[in-house]
Amino acid sequence: MPLTGTMLNKPVLLESLIVFIIVLCVHMVVWDRYSWCAIALAVQAFYVQFKWDRLLRLGGAVFQFRTTANSGLLPASMVIPLLGIVMKERCKAAGIVYFERLGIVVASTGMVLALFLSVIAVGITRPVPTNTCILSGIAGSIILYTMKYSLTVSEVIEILEVLLIFVYLSMILLYLLPRCFTPGEALLVLGGISFILKQLIKRSLNVTEGRTDPVDFVLLVAVAGVVLLGIFFTALFFFMDSGTWTSSMFFHMMTAVLGLGVLMPWLYHLIQRNPLLWLLRFLVQTQTRVYLLVYWTLLAASACMVVLYQNSKRSSESKKHQASTITRKYFHFIVVATYIPGLIYDHQLLYIAAVLCLVVFILLEYIRYFRIKPFGQTLRHLLTLFLDERDSGPLILTHIYLLVGMSLPVWLFPRPCAPKGTLSGAGALVPYSGVLAVGVGDTIASIFGTTIGEIKWPGTKKTFEGTMTAIFAQIIAVALILIFDGRVNLNTSYAWILGSISLISLLEAYTTQIDNLLLPLYLQILLMA
């Protein structure tokens, strides 16, 4: 099968090579029947992603995707399956059967969603790519054969329900939000939302009083709420002007109605107690939590001051002025300063605070996007300064991706499968994956690459100096975590940690996808393996 045209694009080939190395590294440690599925999926995704690239280049894709990047199908296709596989192994070792089965469902769901996106690309490509069709057929057969002997009927139905939600979400959101995602980013974001919605429905129908932690439900209900709110207002403002005071009153009224009239009762049904009273008691339960909340409030205020100060520097004659890379990285430092104390002193508070912050960010983006009075136009003016090439669609998502990327290792960390007390091995650093990959690695790479970088990686704007300083900075960060977090004990995992950090730093140099999402997830996968 010849590699021609777009397939000879060096950055894409090197990005794919790094992903293949990560896949093989994981399966060197975790080798079972799903390993063959993951490798087959990776091979077919490698070829199919170039079909997507060709469709994007020729304008033949069904929806309008982000044009400043390649399709990113391979790196995105492997995230959810690998995450499920390593979760399955960790929970199997801990003897937690429920989460072991959940890991199998996560891995299988990720493979089915990736295959579905591959079938779409192959189906709309003309002329029909025969060899790629054969590869996709072989990979699909291996995956379906393995699932046949691994999943129960209820688990198969659950996967099909996630696929159905994914199809409907894709048709709605990709039509309403053109140029906001690449195909790979759409797979990752919409696939994750689809799985969350399915889990919320499943748990709502099987509530067990007193046996679940209320913290586990907050993220599920919050994501469902903001998605439903966004779809509702998009449909509504299609028929009326969103920039009037009448629309503003309606927006705030309906937000309150959905929050207090739908989401709060839903959360009450899940946790069997008043959600607002529970949240208030939770936030002030200990003096440490109060100190952390005050500290985070001061950091949030400092972030707002940075935005206002940078906008005050923008003169009337420089309307097209954009904030520099170093300026944008201020927010990375602020987020690192936010997350590290939470990770050291109170994981659960950080979990809830990150969910609440996500809801606030998305609501503010709705206000900016729909131009809701009185702050919509002001937010448009303030945030325009911080746009980069990835914000090519109607939404500004980079700050939301930063928050989500830092939070995903906290949200996805299988707490019931973790040993109590001291955390040992590379897995002890899993909650710090976002801090290391994005907060430290990506930030230092950008700053040093921009200021002192001279030797560029082939085919990219990223520099050798930026990547090396990023690796060195993450090693220092790991050493500091060992000093200040007494629960972390790495034992003899230093070589694996160094290799993981190096691979993720190389992936940062070559990927054109949203690195704030991709890097923490891959680092989490490697550390959990």
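Reference entry: report on the structure contained in this document. (Residues numbered from 1 in each chain as written. Predicted model: local features only at pLDDT ≥ 70, side-chain atom pairs only at ≥ 80, totals over all residues. Heavy atoms only, no water.)

1. Observations regarding the environment of Val-440
Here comes step 1: As for its position among the elements, Val-440 is in helix H17 (residues 433–451).
Here comes step 2: Overall, Val-440 belongs to the buried group, its relative accessible area being 14%.
Here comes step 3: Spatially, the C-alpha atom of Val-440 lies 8.0 Å from that of His-332, the residues being 108 residues apart in sequence.
Here comes step 4: The residues touching Val-440, leaving out its near neighbours within four places in the chain, are Val-336, Val-435, Ala-473, Gln-474 and Ala-477. (Helix = DSSP H or I, 4+ residues; strand = E, 2+ residues; numbered from the N terminus. Buried < 20%, exposed > 50% of the residue type's maximum accessible area, 1.4 Å probe, protein only. Contact = heavy atoms within 4.5 Å.)

2. Quick look at the nonpolar core
Note that soluble globular proteins tend to have their nonpolar side chains buried in a common cluster.
Here comes step 1: Ranked by size, the top nonpolar core spans 174 residues in total, and within it Ile-22, Trp-52, Met-78, Trp-411, Leu-429 and Tyr-522 carry the most contacts.
Here comes step 2: Ignoring sequence-local partners within four residues, the contact set of Trp-52 consists of Ala-61, Phe-65, Ser-71, Leu-73, Leu-117, Ile-120, Ala-121 and Pro-183. (Core = buried A, V, L, I, M, F, W, Y, C linked by side-chain atoms within 4.5 Å.)

3. As for the side chain of Arg-66
Here comes step 1: As for its position among the elements, Arg-66 is in the loop between helix H2 (33–58) and helix H3 (73–94).
Here comes step 2: Within polar-contact distance, the side chain of Arg-66 engages the side chain of Glu-185 at 2.3 Å.
Here comes step 3: In contact with Arg-66, other than residues within four places in its own chain, are Arg-179, Phe-181, Thr-182, Glu-185, Arg-390, Ser-392, Thr-512, Gln-513 and Ile-514. (Polar contact = N/O pair within 3.5 Å; in protein donor to acceptor, adjacent residues only side chain to side chain.)

4. Here we look at a nonpolar patch on the surface
Here comes step 1: Taken together, the side chains of Phe-472, Ile-476, Leu-480, Ile-483 and Phe-484 present a nonpolar region at the surface, about 550 Å² in accessible area.
Here comes step 2: Within the secondary structure layout, Phe-472 lies in helix H18 (residues 464–484). (Patch = residues over 30% accessible without salt bridge, like charges linked within 9 Å, V, L, I, M, F, W, Y side chains within 5 Å. Areas by Shrake-Rupley, 256 points an atom, 1.4 Å probe, with all protein chains shown as cover. Salt bridge = Lys/Arg side-chain N within 4 Å of Asp/Glu carboxyl O.)

5. Describing the pattern of salt bridges
Here comes step 1: Using the criterion set out here, one finds 11 salt bridges in the structure.
Here comes step 2: Of the charged contacts in the structure, one is a salt bridge between Arg-289 and Asp-346, with a shortest N-O distance of 2.6 Å. Within this pair, whereas Arg-289 is found in helix H11 (residues 287–312), its partner Asp-346 is found in the loop between helix H13 (330–345) and helix H14 (347–370), the two being separated by 57 residues in sequence. Taken individually, Arg-289 and Asp-346 each receive the classification buried, so the pair is uniform in this respect.

6. Description of unusual backbone geometry
Here comes step 1: Each neighbour pair has its own omega, and for Lys-373 with Pro-374 the value is 5°, a cis peptide bond.
Here comes step 2: Positionally, Pro-374 belongs in the loop between H14 and helix H15 (376–384).
Here comes step 3: The backbone of Arg-179 sits at a positive phi, close to 65°, despite the residue not being glycine.
Here comes step 4: Relative to the assigned elements, Arg-179 resides in the loop between helix H6 (153–176) and helix H7 (183–205).
Here comes step 5: Assessed through its relative accessible area of 32%, Arg-179 is described here as partly exposed.
Here comes step 6: Phi at Gln-272 takes a positive value of approximately 60°, unusual for a residue other than glycine.
Here comes step 7: Its location among the elements puts Gln-272 in the loop between helix H9 (245–271) and helix H10 (275–283).
Here comes step 8: Accessibility expressed as a relative area gives 36% for Gln-272, which makes it partly exposed.

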